[in-house]
Amino acid sequence: MLQIPPANNLPLSRRSLLLTAGPIFALSAKGIPAATPPELTVTEALRQRRSVRAFSDRKIDPALLAELLWAVFGINRPKEGLHTVPSWRGAADLIVHAATEDGVVVFEPDAAAARVWKAEDIRAQLSPQPFVATAPVCLIFVSDLRRLKAAGPADQQQLYAMVDAAMASQNAYLFAAARGLGTCLVGGISREAIAGALGLARHEFATFVQPIGWPA
Ligand SMILES: Cc1cc2nc3c(=O)[nH]c(=O)nc-3n(C[C@H](O)[C@H](O)[C@H](O)COP(=O)(O)O)c2cc1C
């Protein structure tokens, strides 16, 4: 089991949960996936990238979910603690959750692990668009706006929150293309329902959700 570093950037409620709940999976010791099966080149992944809104019943196994989360917001330069995705002034404001039929996990990039956040299927609450809940995994992008304070007023913070999440979304699109998964970024979200279901604090702003699964 990996050592859990203090999660100082998280609210107390979440911190204590992180410290008590065991990881559901872990990546390699350095938090970077080991060699993966032969993948498409970036150029080929770009050729394949598209939005998919119809998913088969096949689930995404935890090892693949771990790699997906690493691609979306993992740490690729452990010495500096920097991420696979750029962010405004390196704010790293993202908090990435993954909702499945079993519940919700929150990705903890420092620990390279995901921890149980809620044992309830909340996928149907994420968006009024019905296809979202049909995906085996729905990523939920939340921004910790405290990390974007220097950006200025709330609307400016929310703008950068959206941009930072959108960058992570493209990582998910390219990962999906490389592994034969299908995905779609969804801006039409039920923001208040998400805040309620996840127990978000006032400074935590839900930006997008991104269902992902095996194309039907
Ligand atoms: C900011 C943003 C918000 C989006 N919101 C939705 C959405 O709410 N529902 C949806 O089905 N697709 C959504 N999409 C996906 C676009 O509809 C899709 O990218 C577009 O139709 C082009 O198709 P392609 O991704 O296959 O190239 C969104 C895309 C972006 C970039």
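Since the structure is predicted, the reported quantities are computational estimates derived from the model, not experimental observations.

## Quick look at the site of the ligand
Then, number 1: The environment of the ligand is made up of R50, S51, R53, Q129, C184, L185, V186, G187 and G188.
Then, number 2: Of the residues in the shell around the ligand, the class split is three nonpolar, four polar and two charged.

## So, the nonpolar core
The tendency in soluble globular proteins is for nonpolar side chains to be buried side by side.
Then, number 1: Residues L69, V72, A98, L139, I140 and A172 are the most contacted members of the largest nonpolar core, which totals 64 residues.
Then, number 2: Put simply, the parts of the chain that give this core at least two residues each are α3 (62-73), β4 (94-100), β5 (103-108), β6 (113-118), β7 (137-144), α4 (154-179), α5 (191-198) and β9 (204-213).
Then, number 3: Sort the elements by how many residues they give to this core and α4 lands first, with ten residues.

## Comments concerning the confidence of the model for the protein
Then, number 1: In the predicted model, the protein carries a mean pLDDT of 87, and 83% of its residues have values of at least 70.
Then, number 2: Low pLDDT (under 50) marks residues 1-23, which in the prediction has 30 contacts with non-local residues, meaning those over four places away or in another chain.

## Digging into the environment of A66
Then, number 1: Topologically, A66 is positioned in helix α3.
Then, number 2: Taking the number of C-beta atoms within 10 Å as the measure of exposure, A66 has 23 and is therefore buried.
Then, number 3: Separated by 41 residues in the primary sequence, A66 and F107 have C-alpha atoms spaced 8.8 Å apart.

## As for the pairing of β6
Successive residues of a regular strand alternate their side chains across the two faces of the sheet.
Then, number 1: Direction of pairing for β5 relative to β6: antiparallel, over a ladder of five bridges. The residue bridging E108 from the neighbouring strand is A113, located in β6.
Then, number 2: Connecting the antiparallel pair β5 and β6 is a turn made up of four residues, with A112 showing a positive phi of about 50°.

## Details of α3
Then, number 1: Taking 1.5 Å of rise per residue, twelve residues should cover 16 Å, and α3 covers 16 Å from first to last C-alpha, within 8% of that figure.
Then, number 2: By the burial criterion, the buried members of α3 are L65, A66, L68, L69, W70, A71, V72 and F73.

## Quick word on α4
Then, number 1: Compared with an ideal rise of 1.5 Å per residue, which puts 26 residues at 38 Å, α4 spans 37 Å between its outermost C-alpha atoms and is within 8% of the ideal.
Then, number 2: Looking at the residues trailing α4, positive phi occurs at G180, about 80°.

## Section: unusual backbone geometry
Note on backbone geometry: most residues besides glycine have negative phi, and most peptide bonds are trans.
Then, number 1: The backbone of R89 sits at a positive phi, close to 50°, despite the residue not being glycine.
Then, number 2: Along the chain, the position of R89 falls in the loop between β3 (82-83) and β4.
Then, number 3: For R89, a count of 12 C-beta atoms within 10 Å corresponds to the exposed category.
Then, number 4: Even without being glycine, A112 reaches a positive phi, approximately 50°.
Then, number 5: Counting through the fold element by element, A112 comes out in the loop between β5 and β6.
Then, number 6: For A112, a count of 24 C-beta atoms within 10 Å translates into the label buried.

Scoring rules and cut-offs
Residues numbered from 1 in each chain as written. Predicted model: local features only at pLDDT ≥ 70, side-chain atom pairs only at ≥ 80, totals over all residues. Near = placed C-beta within 6 Å. Nonpolar A, V, L, I, M, F, W, Y, C, P; charged D, E, K, R; others polar. Core = buried A, V, L, I, M, F, W, Y, C linked by C-beta atoms within 7 Å. Buried ≥ 20, exposed ≤ 12 C-beta atoms within 10 Å, placed from the backbone. Helix = DSSP H or I, 4+ residues; strand = E, 2+ residues; numbered from the N terminus. pLDDT = per-residue confidence, 0-100. Contact = placed C-beta atoms within 7 Å. Pairing = 2+ DSSP bridges. Expected span 1.5 Å × (residues − 1).

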